[in-house]
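# Working through the structure, step by step
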Amino acid sequence: MRDSRLVLLMLSPGLVLILLFFGFPLVDLVRASLSNWSGVGDRVFIGSDNYVALLSDGAVQAALGRSVLLGLGTAIGISIIATLLAALVSGGIAGSNVYRIVWFLPAIAPPSAVAVFWSLAVQPTSGAVNAALGAVGLGDDHAWLANPDTALWVVIAVAIWQGAGFAFLVILGAMEEIPVSIHEAAALDGTGPVGRFFRITLPLTRPVLSMILLLEAIWAFNGFTLVWGMTQGGPGDATAILPVQVYKEAFQFGNFGAAAAISVVGGVVLLVVGFVGNWLGSRRAVDE
């Protein structure tokens, strides 16, 4: 009992901070989602009306679908590219020390700056991307961000570009923890570099890859800054993901109750994804 009280005493500062900065705001968010509130004045309790309205709101449902697409597309793209880059550096490619720095640079750039940079880079006729495409005969007047069919894919590509550096370093660290003797033994058995990558490197780094896939999906799902900086949810609602929908409901339409309800729904989705991901990862660890 004495040890338990001592542990609780040592943990109490952290528990107080968690309660203060996470617990109370979360409770207040749920309360706001059950009310009709314009952001000022008194809240009018309306129960589950905001959640019922979400079930028939096509804009919110479409935003959820776009958020899922952004999360999955970004996470899968980052995982594949970061794994390949890490394999090249781990394999001793020339200039690997330089690549460790260069490939990580986009990860430390502010998302707002990244949004402005790439928004200018994909502008019709004047952007660097269209200039490069025009130089090889593919046209230089593509309105990437003004086309509803391509805008979200451009955002996904930029999110991959920015996020691959962090994932690259994490995966590279996992690959370099693999004992060299395992690769040497496989090489003596006649297994080539590609075979060693699929039979040794990928299986031994799978826990890290699963973590990266889960984290990147969650971060991209909540990627408000990049989306808002590049498109503000446009053209139309082509890139309006859930965080953008929350912003519009709260600060453009003055409906903070509905915005809070959307936030709660998005949080529940991420909690389910996180628990399922951790559960699958723990089951694989036990099986292995």
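Please refer to the structure placed before this passage.
The present account deals with the structure reproduced in this document. Starting from 1, residues in each chain are numbered consecutively following that chain's sequence as written. Per-residue local features are limited, in this predicted model, to residues with pLDDT of at least 70; the limit for side-chain atom pairs, both in listing and counting, is 80 or more; totals at the level of whole chains, interfaces and linings are taken over all residues. Where side-chain values are given, they derive from all heavy atoms of the structure, hydrogens and water being excluded.

Attention now moves to the packing of aromatic side chains. In summary, the pairing rule links any two rings of Phe, Tyr or Trp, Trp by its six-membered ring, whose centres are within 6.5 Å, and it sorts them by plane angle into stacked for under 30 degrees, edge-to-face for over 60 and tilted for everything else. Evaluated as defined, the whole model comprises twelve aromatic pairs. With centroids separated by 5.3 Å and ring planes inclined at 85°, the aromatic side chains of phenylalanine 117 and tryptophan 118 adopt a geometry described as edge-to-face. A 1.4 Å probe rolled over the protein chains alone gives each residue an accessible area, and that area as a share of the maximum for its type sets the label: buried under 20%, exposed over 50%, partly exposed in between. Overall, the relative accessible area of 49% leaves phenylalanine 117 in the partly exposed class. Relative to phenylalanine 251, the ring of tyrosine 247 lies with its centre 5.2 Å away and its plane at 40°, an arrangement referred to as tilted. Separated by four residues within a single helix, tyrosine 247 and phenylalanine 251 lie in helix 13 (residues 242-252), roughly one turn from each other. What makes phenylalanine 251 exposed here is its relative accessible area of 57%. Through a chain of ring-to-ring contacts, the aromatic side chains of Trp37, Phe224, Trp228, Tyr247, Phe251 and Phe256 assemble into a single cluster. Just above the ring of tryptophan 37 sits the side chain of arginine 43; from NZ or CZ to the centre is 4.4 Å. Under the scheme used here, helices are H or I runs from DSSP no shorter than 4 residues and strands are E runs no shorter than 2 residues, and both carry numbers assigned from the N terminus. To sit over a ring, a charge needs its Lys NZ or Arg CZ within 6 Å of the ring centre and within 35 degrees of the ring normal.

Burial of nonpolar side chains together is a common tendency in soluble globular proteins. We define a nonpolar core as any set of buried Ala, Val, Leu, Ile, Met, Phe, Trp, Tyr and Cys residues linked to one another through side-chain atoms lying within 4.5 Å. Counting residues in hydrophobic clusters, the biggest one holds 35 residues, and the most contacted among them are Leu70, Trp118, Val158, Phe168, Ile171, Leu226 and Met230. Examining the composition of this core, we find that twelve residues originate from one element, helix 8 (residues 151-176), more than from any other. Counting residues in hydrophobic clusters, the runner-up holds eleven residues, among them Val60, Ala63, Ala261 and Leu270.

Its place among the elements puts glycine 229 in helix 12 (residues 224-230). For the pair glycine 229 and proline 111, spaced 118 residues apart in the sequence, the C-alpha separation amounts to 8.2 Å. With residues near it in sequence (within four places) discarded, glycine 229 still touches Ala115 and Ser119. Any two residues whose heavy atoms approach within 4.5 Å at even a single point are treated as in contact.

Basic side-chain nitrogens of Lys or Arg form a salt bridge, by our definition, when they fall within 4 Å of a carboxyl oxygen of Asp or Glu. Tallying each qualifying case throughout the model produces four salt bridges. The residue arginine 100 makes a salt bridge to glutamate 176 at a minimum N-O spacing of 2.6 Å. In this pair, arginine 100 sits in helix 4 (residues 96-102) while glutamate 176 sits in helix 8, placing the two residues 76 residues apart along the sequence. Taking relative accessible area as the criterion, arginine 100 reaches 27% and is therefore assigned partly exposed. We classify glutamate 176 as partly exposed; its relative accessible area is 42%. Taken together, the shared-partner salt bridges in this structure form one network comprising Asp28, Arg31 and Arg43.

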